[in-house]
Structure formats: structure tokens, C-alpha cells
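So you can see what is in the structure, the chains are spelled out below.
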Amino acid sequence: MLTRRHFLSGTGAGLFLSGYPVHGFTKNAIKGRIVVVLLEGGMDGLLAVPPIGDDNLFKQRRALVASNPLKLNPLFGIHPNFKNFSSMLLNDEASIIHATSFPYVGRSHFEGQNVLQGGMLTPFSIKTGWLGRAMDIAKTAGKAMSLETPLIIRGANDLDNFYPARIKHSRLPSSETLRLIQSTHLNNAAKVIGKLTKNSMKMGVVSQARDPLSLAAEAGRAMREKDGPRVAVVKIPQFDDHSEIGTDTGHHPELFTLVDRTFGKLKSELKEEWKNTIVLTMTEFGRTVKENGSAGTDHGYGSVGLLAGGLINRSSVVANWPGLSNKDLYEKRDLYATIDYRSICAACLEAAFGLDHDVISERVFLDKTIPRTYGHIFG
Amino acid sequence: MSDNKHKWARKVGFGFGPNELLPTDVESWNNSQLTSNFKSVGMAKRYSDVEIWPQEYNFSFEDRLRRAGEYNEGKKEIENSKKLTSVEKKKRVRTLRDQTDVALFDVYKFWNSAIYGDDMVKQRLTHFWTNHFTVGGGGRRNYIIGDFIYRVIYGNLNASFDELLYKVTTHVGMLDYLDNAESVGERSESARWARRNGKTQGLNDNLARELLELHSVSPERMYTEDDIRNSAKILAGWGANTDSVIRKFYRERRRDNPAIGSLGKFIYEPYFKDRAEPGRKIVLDNKFRSGKKSLRQLTDMLANDDFTARHLSKKLAIHFIGESVNQSEIDFIYNVWKDSKGNLEEIHKEVLNVTARSKERKFLWPSTWMFQAIRFSGSSFLPGFEDGNASFYKAVPSKLNYEPKKILEELGNSFWESRQPDGYSERKDDWVSTEHFDRRIKVASRIYSFQPDRQGEEIAELLDFSDNTKIAIDKASNMRDKFIVALCSPDFMEV
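Residues numbered from 1 in each chain as written. Chains lettered and ligands numbered in written order. Predicted model: local features only at pLDDT ≥ 70, side-chain atom pairs only at ≥ 80, totals over all residues. Heavy atoms only, no water.

Caption draft 1: The arrangement of the overall build of chain A in detail. Counting its secondary structure elements, chain A contains twelve helices and eleven strands. Against the compact-globule benchmark of 21 Å for 379 residues, chain A has a radius of gyration of 20 Å, which places it among compact chains. Seen through its C-alpha atoms, chain A measures out along the principal axes to roughly 65 × 50 × 40 Å. Accessible surface, chain A: about 14,300 Å² in total, of which carbon and sulfur atoms supply 52%. Here chain A carries 45 positive and 37 negative side-chain charges, and the mean point of each set is 4 Å from the other. (Helix = DSSP H or I, 4+ residues; strand = E, 2+ residues; numbered from the N terminus. Rg over C-alpha atoms; globule rule 2.2 N^0.38 Å. Areas by Shrake-Rupley, 256 points an atom, 1.4 Å probe, with all protein chains shown as cover. Lys, Arg positive; Asp, Glu negative; His and termini not counted. Charge placed at Lys NZ, Arg CZ, Asp CG, Glu CD.)

Caption draft 2: Highlighting the overall build of chain B. Across its full length, chain B holds 25 helices and four strands. By the compact-globule yardstick of 23 Å for 495 residues, chain B fits well, its C-alpha radius of gyration being 24 Å. If one aligns the C-alpha atoms of chain B with their principal axes, the spans along those axes are about 80 × 65 × 40 Å. Evaluated residue by residue, chain B yields a buried proportion of 61% over its 495 residues. Restricting to contacts in chain B with at least 6 residues of sequence separation, those with at least 24 account for 75%. (Buried < 20%, exposed > 50% of the residue type's maximum accessible area, 1.4 Å probe, protein only. Contact = heavy atoms within 4.5 Å.)

Caption draft 3: Geometry of the environment of Leu316(B). Residues and elements named next belong to chain B. Among the secondary structure elements, leucine 316 is positioned in helix α16 (residues 306–320). Sequence-wise, leucine 316 and isoleucine 149 are 167 residues apart; in three dimensions their C-alpha atoms are separated by 18 Å. Contacts of leucine 316, omitting those with residues within four sequence positions, involve Phe128, Trp129, Trp337, Ile347 and Val351.

Caption draft 4: Here's a closer look at the packing of α16(B) against helix α17 (residues 327–339) of chain B. Residues and elements named next belong to chain B. Contact geometry of α16 with α17 gives a least axis separation of 8 Å together with a crossing angle of 135°. With respect to each other, α16 and α17 are oriented oblique. α17 is crossed by α16, and the crossing has right-handed handedness. Contacts between α16 and α17 involve Asp306, Thr308, Ala309, Arg310, Leu312, Ser313, Lys314, Leu316 and Ala317 from the first element and Ile330, Ile333, Tyr334, Trp337 and Lys338 from the second. Grouping the constituent residues of the contact of α16 with α17 by class yields eight nonpolar, two polar and four charged. (Axes fitted to C-alpha atoms, helices over the stretch in contact; angles between N-to-C directions. Parallel < 35°, antiparallel > 145°, perpendicular 65-115°, else oblique. Left-handed = near helix turned anticlockwise from the far one by under 90°. Nonpolar A, V, L, I, M, F, W, Y, C, P; charged D, E, K, R; others polar.)

Caption draft 5: The domain arrangement of chain A, seen in detail. Domain assignment breaks chain A into domain 1 (3–10 + 25–164 + 210–378) and domain 2 (172–205). Relative to domain 2 of chain A, the C-alpha centre of domain 1 of chain A lies at a distance of 33 Å. (Domains from an automatic or database assignment.)

Caption draft 6: Just the pairing of strand β1 (residues 33–39) of chain A, in detail. Residue and element names in this part refer to chain A. With seven of its seven residues buried, β1 lies for the most part within the structure. Here β1 shows a buried face lined by Arg33, Val35, Val37 and Leu39 and a second buried face lined by Ile34, Val36 and Leu38. As judged from the seven bridges shared by β1 and strand β8 (residues 277–283), these two strands associate in the parallel manner. Bridge assignment links arginine 33 to a residue of β8, and that residue is threonine 277. Where β1 meets strand β7 (residues 231–236), six bridges bridge the pair, whose relative direction is parallel. (Pairing = 2+ DSSP bridges.)

Caption draft 7: Geometry of the packing of aromatic side chains. Residues and elements named next belong to chain B. Taken as a whole and judged by the stated rule, the model has 36 aromatic pairs over all chains. When the ring of tyrosine 57 is compared with that of phenylalanine 385, the centres are 5.4 Å apart and the planes differ by 65°; the resulting orientation is edge-to-face. Placement of tyrosine 57 in the loop between β2 (50–52) and α3 (61–80) and of phenylalanine 385 in the loop between α19 (366–377) and α20 (403–410) is noted, with a sequence separation of 328 residues between them. According to the relative accessible area criterion, tyrosine 57 is buried, its value standing at 2%. Of the residues examined, phenylalanine 385 reaches a relative accessible area of 4% and is grouped as buried. Here the aromatic residues Phe14, Phe110, Trp111, Trp365, Phe371, Phe381, Phe415, Trp416, Tyr424, Trp431 and Phe450 are joined through ring pairs into a cluster of three or more. When the ring centre of tyrosine 150 is taken as origin, the NZ or CZ atom of lysine 109, which lies over that ring, is 4.3 Å away. Here arginine 454 stacks its cationic end above the ring of phenylalanine 376, 4.5 Å away from the centre of that ring. (Phe/Tyr/Trp six-rings, centres within 6.5 Å; stacked < 30°, edge-to-face > 60°. Lys NZ or Arg CZ within 6 Å of the ring centre and 35° of its normal.)

Caption draft 8: Seen up close, the interface of chain B and chain A. Counting from both sides, the interface comprises 51 residues of chain B and, opposite them, 55 residues of chain A. Three residues, Glu410(B), Thr434(B) and Lys442(B), lead the burial of chain B against chain A; their summed loss comes to 14% of the area buried on that side. Taken together, the connections running from chain B to chain A amount to four salt bridges. For Arg154(A), the salt bridge goes to Asp430(B), with nearest N and O atoms at 2.5 Å. The interface formed by chain B and chain A includes 22 residue pairs in polar contact (both at pLDDT 80 or more). Looking at which element gives the most residues to the side of chain B that touches chain A, the answer is helix α21 (residues 434–448) of chain B, with eleven residues. Looking at the side of chain B that touches chain A residue by residue, the class counts come to 17 nonpolar, 15 polar and 19 charged. (Buried area = accessible area lost by both parts, 1.4 Å probe. Salt bridge = Lys/Arg side-chain N within 4 Å of Asp/Glu carboxyl O. Polar contact = N/O pair within 3.5 Å; in protein donor to acceptor, adjacent residues only side chain to side chain.)

Caption draft 9: A look at the pattern of salt bridges. All names here are of chain B. Taken as a whole and assessed by the stated rule, the structure comprises 57 salt bridges over all chains. For glutamate 426, the salt bridge identified is with lysine 362, shortest N-O distance 3.0 Å. You can see glutamate 426 sitting in the loop between α20 and α21 and its partner lysine 362 sitting in the loop between α18 (344–357) and α19, a full 64 residues away along the chain. For the pair shown, glutamate 426 and lysine 362 are each scored as buried.

Caption draft 10: Representation of the confidence of the model for chain A. Of all residues in chain A, 92% attain a pLDDT of 70 or more, and the chain-wide mean is 91. Ignoring residues within four places in sequence, the model shows residues 1–27 of chain A, a span with pLDDT below 50, making 48 contacts including any to other chains. (pLDDT = per-residue confidence, 0-100.)

Caption draft 11: Structural detail: the packing of helix α6 (residues 175–184) of chain A against helix α23 (residues 467–475) of chain B. Close contact between α6(A) and α23(B) brings their axes to 9 Å; oriented N to C, the two are set at 170°. Looking at the two axes, α6(A) sits roughly antiparallel to α23(B). Within the contact between the two elements, α6(A) uses Leu180(A), Ser183(A) and Thr184(A) and α23(B) uses Asn468(B), Thr469(B), Ala472(B) and Lys475(B). Taken together, the residues of the contact of α6(A) with α23(B) break down into two nonpolar, four polar and one charged.

Caption draft 12: Summary view of helix α9 (residues 251–270) of chain A. All names here are of chain A. Compared with an ideal rise of 1.5 Å per residue, which puts 20 residues at 28 Å, α9 spans 28 Å between its outermost C-alpha atoms and is within 8% of the ideal. Among the residues of α9, His252, Pro253, Leu255, Phe256, Val259, Asp260, Thr262, Phe263, Gly264, Leu266, Glu269 and Leu270 are the ones counted as buried. Phi turns positive, to about 50°, at lysine 271, one or two residues after α9. (Expected span 1.5 Å × (residues − 1).)

Caption draft 13: Representation of the environment of Glu20(B) within the structure. All names here are of chain B. Among the secondary structure elements, glutamate 20 is positioned in the loop between α1 (5–12) and α2 (26–35). Spatially, the C-alpha atoms of glutamate 20 and tryptophan 365 are 23 Å apart, while their sequence positions differ by 345 residues. From its side chain, glutamate 20 meets the backbone nitrogen of glycine 17 in a polar contact 2.6 Å long. A polar atom in the side chain of glutamate 20 sits 2.8 Å from the side chain of arginine 375.

Caption draft 14: Spotlight on the nonpolar core. Of all hydrophobic cores here, the largest spans 131 residues; its most connected members are Trp111(B), Trp129(B), Phe133(B), Phe161(B), Trp369(B) and Met370(B). Counting 48 residues, the second largest nonpolar core, distinct from the first, contains Trp130(A), Ala138(A), Ala144(A) and Ile312(A). (Core = buried A, V, L, I, M, F, W, Y, C linked by side-chain atoms within 4.5 Å.)

Caption draft 15: Here's a closer look at α6(A). Taken together, the buried positions of α6(A) are occupied by Ser175(A), Thr177(A), Leu178(A), Leu180(A), Ile181(A) and Thr184(A). For α6(A), the secondary structure elements touched by its buried residues are α7 (187–201) of chain A together with α21, α23, α24 (479–487) and α25 (490–493) of chain B.

Caption draft 16: Quick look at empty space enclosed by the protein. For the structure shown, the criterion picks out four cavities of 30 Å³ or more. One number sums up the size of the largest cavity: a volume of about 70 Å³. Thr100(A), Ser101(A), Thr283(A), Val304(A) and Tyr341(A) are, among the 13 residues lining the largest cavity, the residues nearest its centre. Mapped onto the lining of the largest cavity, the elements with two or more residues apiece are β4 (94–101), β8 and β9 (303–308) of chain A. The element best represented in the lining of the largest cavity is β8(A), accounting for three residues. Considered class by class, the residues forming the lining of the largest cavity number seven nonpolar, six polar and no charged. Taken as a whole, the second largest cavity encloses approximately 50 Å³ of empty space. Lining the second largest cavity are Lys233(B), Ile234(B), Ala236(B), Tyr271(B), Ala276(B), Glu277(B), Lys281(B), Ser290(B), Gly291(B) and Ser294(B). For the lining of the second largest cavity, the per-class residue count stands at four nonpolar, three polar and three charged. (1 Å grid on protein atoms, 1.4 Å probe; cavity = no way out; pocket = protein on both sides within 12 Å on 5 of 7 lines; lining within 4 Å. Points joined across faces, edges and corners; volume = space filled by probe spheres on them.)

Below you can see the structure in the form of C-alpha cells.
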């Protein structure tokens, strides 16, 4: 389904030959940092970044277009709640990818989240994540800002979590005892307890808050350390708004503010390291172009990806706009995805880890046909 | 069958505590576990005896709505008061919340049943099905989740799967959680009225999609978007959101409305004809007429579909046997499913049979692990239900003990939390992380603080731990640490 309108096919992919050298990075000292912000539930990309230059937008959606979007170019505007992100766009440190998705059209959250994190075309077909596989090749560490280790970073050797416990009157036993517990386990469980033992010996006070914004701040703080993780995963749940999603205000717009403040927080906490960072959002699918009967939108296909960080040199909205008239929609209901978001993830890996595109396509996504989009975002 | 009865009871239940008699014949124990009528039990105080769970804490659906309504109305009154300061308002709202809370008692009942109940296999099955049919918690829905767990799930464990599927699908909690309460047939009376008034109303396919994907046939069935849409049309008209059910119920009650009978219908079968989609619908090549009865036809068709039998046989096998269960083990359950036409009692019996023969190991959910740790060790970690809502006893509300509820949340495994409709994972990988293990270890330490009768070494002996783990327990420097090592070893996390 993606081949029909694949955005780079025949449009200059040849310009970016595989093996294109990436300046300054060697495998031994990765400077780049990647933060993935998982927007769980399916963000409505047309509400976040409305194609206000497409008249069909207003024909298809009567209510769900913000009344005062910030105009980015003749075609696109952005929801006014993206304040930090807008100024990053002005500063040439953010970009937008529109009409994009992982190649998954099944509209199931769980399959979609699995495809998006596993990076395979078939859901539930792999036990590691694309980011984890890339980290394994680049030999770099990562931290998930959640109770569990999300699939996306599994497969990497050095993984940690951060989601502070609130269990009264209890603390960890001595590191000797932790090592004894570790000795009873094998594989990943043993590794995890090893990490826990190490963490338990660190001094200092860490934040106890567990909201996405505080977790993003903690991720930024950890990542700016010299020996800190190079990868972090932050989750923002509850995008699955089937009803009353809000236009200027309401639930989806509030989530936009949260996403926006997450970008701002990461920038302010990463400090000097922001210049070596790329932050990207991912969501399992977009939502229907038309609003449903309860002022919400149902599961769809194409959505939007937001990228920011100092690794970007020039802001742009990258899209091969499929259009919004009925005949342009996927199965007459969804925004088409004309850009395979795997190719965007690949470009981010190339920029941050200095990995060769061919290595990424073959060993991370296990698909040689993924086009190289590096030049469109980091060129 | 594992000849170790302690291990067996952990595989399908929560294990036998230090004061429990082991069954002489496991097979008849299995049967009685599935078929007997059990009484809920509980403890008033942490060190008191176990007794019958008090009737006043078995909330009927009406009780739940009444208490939720009292909270809603009372809160409004407090917040609109011109005399109170904002600090006083907050304090009063908190007191009111404590006085009307229901979820806290449901959580206590949930713990008490797992730790002290005679019906441990039924409890485990209840956990499985409650998770399969996830109704996310939080907010007002927490007033009715206990109704879903105990009346709908526990109450139908021995019914047929089609019965369970219909009851789950039409429960206010499910209809609210998956937005069906917002769904209106596009050609319904209500939508036509809305259009005349410049508004739009239409379908919301959330519940329809999960009904097919998660609750019954699964994506393997290769249904189409039209099948989902038509299922949504059949579902249109069902449901009212929890808040409005509470409001309506409470107001009618206050007015002493003699028409309370119709209210029962509104609660138990929340169907609104004016929002239903007229006309015929086709789902998976089957035709459905318009009307209320078409939903039962739909859920029956889905419940009896071959793909549902496959999907759920596998899920049950993975839950009880382990994630590397082999296909032939799944097939035994599947065959019984088909032969019995989805009779849950027969199916559950076969799950026990196949589990008994299997050599696979299952990595337990954190909540199952914790309940087993408390029950098996004999720790008195659980505070009694009287400690649950102290304000009932006119004590200071600050004494209210939310710990049991919070610990389940900390373990990432609470049925009263908001979460995705696919429920808690059956895969070990999803439960292994530094933070997950941090909590396990801390909870194990906390359990130890309440004087377990069985210490680490005894636990290892009774459950045939590996030599490697026994050595680690031996090396730990004190009794607490020995206990923690035992509970946090793979020998106890898996069974």
C-alpha cells in the first residue's frame, strides 16, 4: 500500500547514496542522542498539524480544525498549543513529517503499537525493538521512562528504567543481597537486577514524580551526563479519543500542550547536549479524516511525526501530500501515509548513531527497500 | 501432574498457607474448586480471624450507584458553598470520598479472597477473565468495577461463553469504557433530531472493534472494516456513560420515583431505542435485523465462531501453562471448547487437566506472585476490612488505609487503574525491568515485616527450589534477606 505513492521513489533517492559518511561520529564515541516520545492511542495528526491550505479539510471536518492555527507554509498550519515546538521550528531545530505512518493499516492499537516498536511489517513477529537493535549495533545504553521496558528498546544490551516506586516503609536490601538475587536468575532478568544493584549504590536525590513531563525532565538530566544513556523513551498515553476530543481546548489539545512542554523540557534539561539530540514522536496510527458522531475521530492510518533537536539544521515540513478529497483517502476514510515512518526513524538513527543507512535498513528494520531520507531532515 | 501439591496449588491457585490442610486427592479438589459454591471471606483486622465477608460490604449495583451519586451531589454542594474556605472544602470532599468509596472495599475483597479464600481456582479464573475483558478503571468507573468483577465475571464462570460475552458487552462499565455510550446510529431518531438542530451524531466503533479483535474472534479471522462498522451499528443504542447513569439513578431515587422498575432496566440493560440504527446489518456474512435482540445474536455468533475457540484456548493455555505452551496442549482445550459448545465449566476443567500434565513454567503476574507470597508464607501483611474505611467506625478518616490499592498500582497490575483494553500481558518480557524488580524486592521486604510463618529456607524446601537458589538463600546474611531472595528468585516468580 505504500509503494503506490512512496515519497522518495524516483524523486531523488539517488542523491543520497548509501554509505554516505556522517561527519564526526565514530562507533566508539557516539555523541548523538535519541529520545522517542510514544504517543499512545493514535494522535489525530490533522488536528495537530492541519493542512489549512487544503480546502477539503474544512469539507471533511466541520468542527475539528483549530480556529487559529499558526501558519507554517501555504499548505500547513500547527495547533496553537505547540508553542515551544513552534519556536523550535523558527529556530531551525524542528521539523514535521506529515501523511506518514509505519506500514500498518489494520487500525488495531495493539498490533499497531507492536509494529511501530518492533519495526517489522507483521505484528508480534519479533521480540526486540528497532531502536534496541540499533542500540545493540551502536553499543549504546538506553533508559525507558516507564515501569516496564517497552518493546522498542528491547534487544539492546544496556537497558534501564526510571519510574520511581512509592512503596511505604520499604527499601532495597544491601547490594550483597541484590547480587544473591541476581545469581538465581538468568539472561535478561539477571541483567536487570545487575542494573538495579548498580543504581542502588548511586548517591543523590532523584525526582519522585511520575508524570510524563517530570519523566522527560529526568530523561534529559540523565542524558546530559557524560556516561548517561544515549537513548530515552517517554510515553504519553491516552490519545485514544473517540469522543469529544476538543478543538481549541479539550482533551486532545491538552495532550498537544503536554507533548509541546515535553519538547521544551527535554531541551532545557539536555542543555549543551541538545545540539547532539534528536527527539521524535511516534503514534500507532492517525485517526479518521471525518469526525465521528461523538465529536471524536476513530482509528485511521496516516498521521504526523514531530521531530526536534539540535541535530536538525533546517526546519521543514516534509510531506508528499495525498489530498483529502474522498477519492484521495485510504479506504475512503483515512489520510494516506505517503512516507514510510521507518525511513524517518532510520534517518534519526543515522544522524544520532552515525550508522550507515544500509546497516540500518538491513540489520535494524530487516528490509533493504527502506529509502534513505537523511538529506530531507538533516541535510 | 506435579506430585508436589504445593506447586500445583500455585499453578492454578494461590498456594496453600501454613495453616491450610493439603487435599488428599488432587483430582477431587480440582473438581470441587470448579463446581462448589463458596462464601467470600475476609478479616476485620490484621490479626483477627478470617470470617464470612460482611454482607454490608457486598455492594449491589444499586448500592454502588447510590454511593457514587451521594459523592457527586455532596461534592457539588460543598464546592458551591460560600461559607467554606477552599482548604475546608478540600477536606470535606476528601471525607465524603472516604465515606462513599466502594472501590476500596472491592480491592480489600479482592485481596482477602486471594489470600484467604477457599475458592482459589475460581479467583484465578476471575482474574484471567477480568483481564481478558478489560474495563479500565479510574474516576467514577471505579464505583462499578467490583460489580463487573464479582457479579458478571465471577458469577458466570460456569456459564457458557456466549452468556458471559453478552453480559460483559452489555455491562455499563464496558459500554462506558469503550465509548459505546457515545455511539449513535446515523439513521436513528436521535441522530435525525440532532441534524435538524445543526448537530451531528454518529457511530463510534471503539467497542465494536475490540469486541471482534480482543474479546472474541481476533484479527486472525480477517474481518473487514465493514464488519466492524456493522457491528458498531448493532451496538448503537447500547450504553450510557457512568456519570449519567449515576446522576439519573440518584435523582430518581431521591424523588422516590415509583417508576424505579424501569430504572432497573436502565441499569442492567441500558438500551435506548432512539439511538439504535434501523435496518439490516451484515457481519461476517451473517444478517442481523434491527432491534435490541440483534446484539445477543451478534455476541452469540462471535462466541461460537471457530476463531474465538482458537483464540481463547490459546490465551487460557498461555495464562495457566506458560508462554511456550505447545500446540497440542492448546488443542486439548480447543477440542473441549468445540465439543462443549463453549461451556466454561468444561473448558476450565480441561485447562486444569492440561496444566497438570504440562512441564512448562509460567512467569506469574506481579499481583498473583504477591498474593501467593502472602498466602504461602502466612504473612499478615493484609490489613483487615475495618481498616479499609475507618470513617464507617467514626474514626479519623486519615486512618483510611489505601495501601492494598496502591500496591497493586505500584506493581503495575491493578484492575482499578486506567489502562489499554488489551489488558495485562501474558509475556515475561513485559514484566522484566529494573523498576519491576525494584518493586518486587520492596514488596517482598514489606511482606516479611508482617511475620511470615514460613521462612525463606522452608519455602525453598516445600517448593523444590533449584540447588542454585537454595545456595543463594543460604548465603543471605539474615532472615529477612533470605526471605526476599526466596520470593524474588525465578523459582517463586515462576511456577
